[in-house]
Amino acid sequence: MQQKQNTAIILTNLGGPRSIDEVKEFLLDLLGDPNVIQLPFFLKPFQKLLAQVIVSRRLPTSVKLYQEIGGKSPLVEITQIQAMRLEKRLGLKIFIFMNCGKPSSTELMQELNACGTKFNHFIVLPLFPQYSTTTTKTSFEKITEFLSKTFPEAKTHFVRSYPDHPKFVQAWTERIQRKIQHVQKPFKLIFSAHGIPESYVKKGDPYFEETKQSVEAIMSNFPGQDYVLAFQSRFGKGKWLEPSTIQVVEELGQGSRAVIVPISFVSDHVETIHEIGIEITHLAEERGGKLYRVPGLNNSSLFIDCLEDLIIEKLKTINSV
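These notes cover the structure that comes with them. Computed from a prediction, not measured in an experiment: that's the story for all the values here.

Our focus in this paragraph is a nonpolar patch on the surface. There is a patch of nonpolar side chains on the surface, built from F46, L49, L50 and V53 and spanning about 330 Å² of accessible area. On the secondary structure map, L49 appears in helix 2 (residues 47–68). For L49, a relative accessible area of 49% translates into the label partly exposed.

Laid out in structure tokens, this is it:
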């Protein structure tokens, strides 16, 4: 393709601490982001200060969680493998940027400079299949600000979202089929997505609708199967999307079985490994039920196929201009 050699891809994800020493920085970045924690206008000047107060209280608990899953989040390493596999397939330079923690814009700049190539085009591919102001929007804003300062003449092209992309749907279908072949029927499928406040949806955040699109597309491959979409990781006060994953699991009856799918998380991290794999699984067992966790898509070949297709489509758009 004509533009291929001067085009770079940036994979962006939320991020995660690569060691216990990075937990505090990660949490400060996360809670200090005005798109993640949307404060009333009169409190916005105090966003960073409030983040410091919350982190000071939550840090010991958060450190303990990461210690219990090996002392780090695997998300960054998974993303690096995704980037390497895409580089091998496409022959393009693939960089990664984490919205919170590292690799941040500083590390991204170092990587771009070390490459020694003058890039005229950047394709930004979010590892958030469903668009949300709390993830996609804030990543796009940070990358736009960075690239406009460092590569002002380059053009940036964004993949907005892909909630029902055929290969994304196929990748989850394969993951689920592989898990349920070992589960005795009947069972319930629980699609667990990261929750957001209902107020964000009322302001126009499309996350809820796009998450439903993902679930409905996947369920077309499982006709007649009992399922529910639920939401986890509630934080702070206010009304959040419902039902909560905890509420759904608490309502499982004695001897019931459920298979839980982390539909909004493409890569395993603390919320899939610990929150689902340990805490919510234990809750199900306390209720006399059995919970089976489907792993994130991680480095599924079908998911890499999906990412490859999304990049190729953007390359075609660049070449057509």
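So, about the packing of helix 6 (residues 166–180) against helix 11 (residues 301–320). The interhelical angle for the contact between helix 6 and helix 11, taken along N-to-C directions, is 175 degrees, at an axis separation of 8 Å. Considered as vectors, helix 6 and helix 11 are oriented roughly antiparallel to each other. Along the contact surface, helix 6 presents K167, F168, Q170, A171 and E174, while helix 11 presents L302, F303, D305, C306 and D309. Looking at side-chain class alone, the contact of helix 6 with helix 11 contains five nonpolar, one polar and four charged residues.

This next bit is on the sheet that holds strand 5 (residues 188–194). Read from one edge of the open sheet, four strands run 6-5-7-8, paired in parallel fashion. Of all the strands in the sheet, the pair left with one neighbour each is strand 6 (227–232) and strand 8 (290–293). In this sheet, neighbouring strand axes are inclined to one another by 30 degrees on average, regardless of whether the strands run parallel or antiparallel. Helix 8 (residues 207–219) contacts strand 5 and strand 6 of the sheet and is inclined by roughly 145 degrees relative to strand 6.

The buried count for strand 5 comes to five of seven residues, which makes it a mostly enclosed element. Where strand 5 meets strand 7 (residues 257–261), four bridges bridge the pair, whose relative direction is parallel. Paired with K188 across the two strands is A258, which belongs to strand 7. Summarising the sheet, strand 5 and strand 6 pair through six bridges and their orientation is parallel. Looking at the pairing, A193 lines up with F231 of strand 6.

With 53 residues, the main nonpolar core has L11, Y162, F191, F303, L307 and I311 as its most contacted residues. Among the elements that make up this core, the one with the highest residue count is helix 11 (nine residues). In this structure, I311 is in contact with I9, L86, L90, L92, I123 and L125, ignoring residues within four places of it in sequence.

Right, let's get into the pattern of salt bridges. Applying the stated criterion across every chain yields a total of 19 salt bridges. In this structure, K93 and E87 form a salt bridge, with 3.7 Å as the shortest nitrogen-oxygen distance. The partly exposed category is assigned to K93, whose relative accessible area is 38%. The salt bridge partner of K316 is E313, with a shortest N-O separation of 3.5 Å. One end of the pair is K316 and the other is E313, both in helix 11 and three residues apart, which spans about a single turn. Among the residues examined, K316 registers a relative accessible area of 45% and is labelled partly exposed.

Turning our attention to the environment of K239. Note on placement: K239 falls in the loop between strand 6 and helix 9 (245–250). Once the C-alpha coordinates of K239 and I196 are considered, the two residues, 43 residues apart in sequence, prove to be 8.9 Å apart. Apart from the residues lying within four places of it in its own chain, the contact partners of K239 are P197 and E198. Within the local environment of K239, its side chain forms a polar contact with the side chain of E242, the two groups lying 3.3 Å apart.

The next subject is the environment of K155. Within the element layout of this structure, K155 appears in strand 4 (residues 155–158). A relative accessible area of 49% places K155 in the partly exposed class. Each C-alpha atom of the pair K155 and H121 lies 4.9 Å from the other, and the pair is 34 residues apart in sequence. Apart from residues no more than four positions distant in its own chain, K155 is found in contact with N120, H121 and F122.

The next subject is the sheet that holds strand 2 (residues 93–98). Spatial strand order, 2-1-3-4: four strands in an open sheet with parallel pairing. Each edge of the open sheet carries a strand with a single partner, namely strand 2 and strand 4. Neighbour-to-neighbour, the strand axes of the sheet open up by a mean angle of 25 degrees, direction not taken into account. Relative to strand 2, strand 1 (residues 7–13) runs parallel, the two sharing six bridges. Across the sheet, I10 pairs through a bridge with F95, a residue of strand 2. Those strands touched by helix 3 (residues 75–90) are strand 1 and strand 2, and its axis lies near 160 degrees from that of strand 2. Taken strand by strand, helix 4 (residues 105–115) contacts strand 1, strand 2 and strand 3 (121–126), and its axis lies near 165 degrees from that of strand 2.

Calculation rules
Residues numbered from 1 in each chain as written. Predicted model: local features only at pLDDT ≥ 70, side-chain atom pairs only at ≥ 80, totals over all residues. Heavy atoms only, no water. Patch = residues over 30% accessible without salt bridge, like charges linked within 9 Å, V, L, I, M, F, W, Y side chains within 5 Å. Areas by Shrake-Rupley, 256 points an atom, 1.4 Å probe, with all protein chains shown as cover. Salt bridge = Lys/Arg side-chain N within 4 Å of Asp/Glu carboxyl O. Helix = DSSP H or I, 4+ residues; strand = E, 2+ residues; numbered from the N terminus. Buried < 20%, exposed > 50% of the residue type's maximum accessible area, 1.4 Å probe, protein only. Axes fitted to C-alpha atoms, helices over the stretch in contact; angles between N-to-C directions. Parallel < 35°, antiparallel > 145°, perpendicular 65-115°, else oblique. Contact = heavy atoms within 4.5 Å. Nonpolar A, V, L, I, M, F, W, Y, C, P; charged D, E, K, R; others polar. Pairing = 2+ DSSP bridges. Core = buried A, V, L, I, M, F, W, Y, C linked by side-chain atoms within 4.5 Å. Polar contact = N/O pair within 3.5 Å; in protein donor to acceptor, adjacent residues only side chain to side chain.

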